[in-house]
Amino acid sequence: MTRHLLRDDDLSPAEQAEVLDLAVRVKADRWAARPLEGPQTVAVIFDKSSTRTRVSFAVGIADLGGSPLIISTANSQLGGKETPSDTARVLERMVAAIVWRTYAQSGLQEMAAGTTVPVVNALSDDFHPCQLLADLLTIREHKGDLAGLTVAFVGDGSDNMVHSYLLACTTAGMHVRIGFPAAYPPMPDVVEDARRIGEGTGGSVLLTQDPAEAVRGADVVVTDTWVSMGREDEKAVRVEALSPYQVTPALMAEAAEDALFLHCLPADRGYEVAPGVIDGPQSVIWDEAENRLHAQKALLIWLLERADGAAA
């Protein structure tokens, strides 16, 4: 059966561990795996601008022996005259997988329902599962076993990274704390799903309006931009609401002494994070950025092995 990654809990705890184990091996021997030899083509579709996603998928697909086909929806029929399901049925005749960086989660769901090749969510308004695989790989490299660690996200609770942290980290058996202003809460159904996952893995979820409570004793501290693409007109309102949630050296001091700082980038220094934190000794953002490459290669290998028609 063809598998997709549309949201973080599309992987079970055991499957998530498999992908991360594979990412470790792929990073250690970058060109050993060549499942796209031929080369086979992977369609990489962008509704939004991108640096890390574009480069990591293009390089990763080439590393795997394939050819990345970069498609902008501004120059294609997708989102105009053609539905995601029709686009998927066309592409599946020509490509080995489809990667889509888009807005609405519903478009990804429609695309995946209409195709026999793997579909990967390279970012949507609701989730960013590829980033979380890279983040978990980074945390594992620096901290060892993930289960039992505490990760604190401070900032916009409605952010797609929050939803992915809730799902991916509870899947890994981690304790997730979200510190956010009441005006920007996470989606209730995602919180419920994360708590249900945590009941089976030993993970947990804490929601709080107090950033210090979220960060206190945490092993990992994370934030994200306060003004995502498409929300620039909300900047003044968001900055006012979110300013108390800036990750400062004082807030980092509430975390464990050896806590890591992560940020998926791009970062707006002086807003969501102080320069002294993101550019300081606890920051592992460059490892995190590089690990997009290795985690996504591992994910593609794992999904391609489970695609319809793949060799047993």
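Residues numbered from 1 in each chain as written. Predicted model: local features only at pLDDT ≥ 70, side-chain atom pairs only at ≥ 80, totals over all residues. Heavy atoms only, no water.

Turning our eyes to something else, we now look at the packing of helix α2 (residues 52-63) against helix α12 (residues 285-305). Running from N to C, α2 and α12 cross one another at 50°; their axes reach a closest spacing of 9 Å. Looking at the two axes, α2 sits oblique to α12. For α2 against α12, the interelement crossing comes out right-handed. For the pair α2 and α12, the contacting residues are R52, T53, S56, F57, V59, G60, I61 and D63 in the first and A289, R292, L293, Q296, K297 and L300 in the second. Looking at side-chain class alone, the contact of α2 with α12 contains six nonpolar, four polar and four charged residues. (Axes fitted to C-alpha atoms, helices over the stretch in contact; angles between N-to-C directions. Helix = DSSP H or I, 4+ residues; strand = E, 2+ residues; numbered from the N terminus. Parallel < 35°, antiparallel > 145°, perpendicular 65-115°, else oblique. Left-handed = near helix turned anticlockwise from the far one by under 90°. Contact = heavy atoms within 4.5 Å. Nonpolar A, V, L, I, M, F, W, Y, C, P; charged D, E, K, R; others polar.)

Compared with the 30 Å implied by 1.5 Å per residue over 21 residues, the 30 Å span of α12 between its first and last C-alpha is a close match. Where α12 bends most, the angle comes to about 35°, and this point is N291. The buried fraction of α12 amounts to 16 of the 21 residues, a majority that puts the element mostly inside the structure. (Expected span 1.5 Å × (residues − 1). Bend = angle between axes of the 7 residues up to and from the residue. Buried < 20%, exposed > 50% of the residue type's maximum accessible area, 1.4 Å probe, protein only.)

Let us now look at the side chain of R177. In this fold, R177 is placed in strand β6 (residues 175-179). Buried and without a salt bridge, R177 has D219 as its closest oppositely charged side chain, separated by 7.5 Å. A polar contact is formed between the side chain of R177 and the backbone oxygen of A214, at a distance of 3.1 Å. Once residues within four sequence positions are removed from consideration, R177 is found in contact with T150, V151, A152, F153, L206, E213, A214, V215, R216 and A218. (Lys, Arg positive; Asp, Glu negative; His and termini not counted. Salt bridge = Lys/Arg side-chain N within 4 Å of Asp/Glu carboxyl O. Polar contact = N/O pair within 3.5 Å; in protein donor to acceptor, adjacent residues only side chain to side chain.)

Moving on: empty space enclosed by the protein. Leftover empty space is mapped by rolling, across the atoms, a probe with the size of a water molecule. Under the counting rule described, the total for this entry stands at one cavity of 30 Å³ or more. Size it by volume and the largest cavity reaches roughly 50 Å³. L5, D8, L11, Q16, P129, L132, L133, L136 and A168 together form the lining of the largest cavity. No other element matches the four residues that helix α5 (residues 129-143) contributes to the lining of the largest cavity. (1 Å grid on protein atoms, 1.4 Å probe; cavity = no way out; pocket = protein on both sides within 12 Å on 5 of 7 lines; lining within 4 Å. Points joined across faces, edges and corners; volume = space filled by probe spheres on them.)

Okay, the sheet that holds strand β7 (residues 204-208) next. A sheet is described by the order of its strands in space; here five strands give the open sequence β7-β6-β5-β8-β9, paired in parallel fashion. Edge positions in the sheet fall to β7 and β9 (260-263), since each of these pairs with one other strand and no more. Strand-to-strand twist across the sheet, computed as the mean angle between neighbouring axes with direction ignored, equals 20°. Pairing of strand β5 (residues 150-154) with strand β8 (residues 220-223) involves three bridges; the strand directions are parallel. (Pairing = 2+ DSSP bridges.)

A few words on the state of the cysteines. According to the stated counting rule, one finds zero disulfides in the structure shown. Sulfur of C169: no disulfide; nearest cysteine sulfur belongs to C264 and is 13 Å away. Unpaired in this structure, C264 has its nearest cysteine sulfur neighbour in C130, at a distance of 12 Å. With relative accessibility at 10%, the residue C264 sits in the buried group. (Disulfide = S-S within 2.5 Å.)

Looking now at the packing of aromatic side chains. Inspection of every chain in the model, using the stated rule, returns two aromatic pairs. Each ring, one from F153 and one from Y165, has its centre 6.5 Å from the other, and the planes form 50°; the classification is tilted. Linking F153 in strand β5 with Y165 in helix α6 (residues 160-171), this pair joins segments that are 12 residues apart in sequence. Both residues of the pair, F153 and Y165, belong to the buried class. Between the aromatic rings of W226 and Y271, the centroid separation amounts to 6.3 Å while the plane-to-plane angle is 90°, which identifies the pairing as edge-to-face. With a gap of 45 residues between them, W226 in the loop between β8 and α9 (235-242) and Y271 in the loop between β9 and α11 (275-278) connect regions that are remote in the sequence. (Phe/Tyr/Trp six-rings, centres within 6.5 Å; stacked < 30°, edge-to-face > 60°.)

Our focus in this paragraph is the pairing of strand β3 (residues 97-101). The element β3 is extensively covered by neighbouring structure, given that five of its five residues are classed as buried. With burial as the criterion, each face of β3 is covered, one bearing A97, V99 and R101 and the other bearing I98 and W100. Here strand β1 (residues 41-46) pairs with β3 via five bridges, running parallel. Each residue of the ladder has a partner; that of I45, found in β3, is W100. By the bridge criterion, four bridges tie β3 to strand β4 (residues 119-123) in an arrangement that is parallel. When the bridges of β4 are listed, V99 appears paired with V120.

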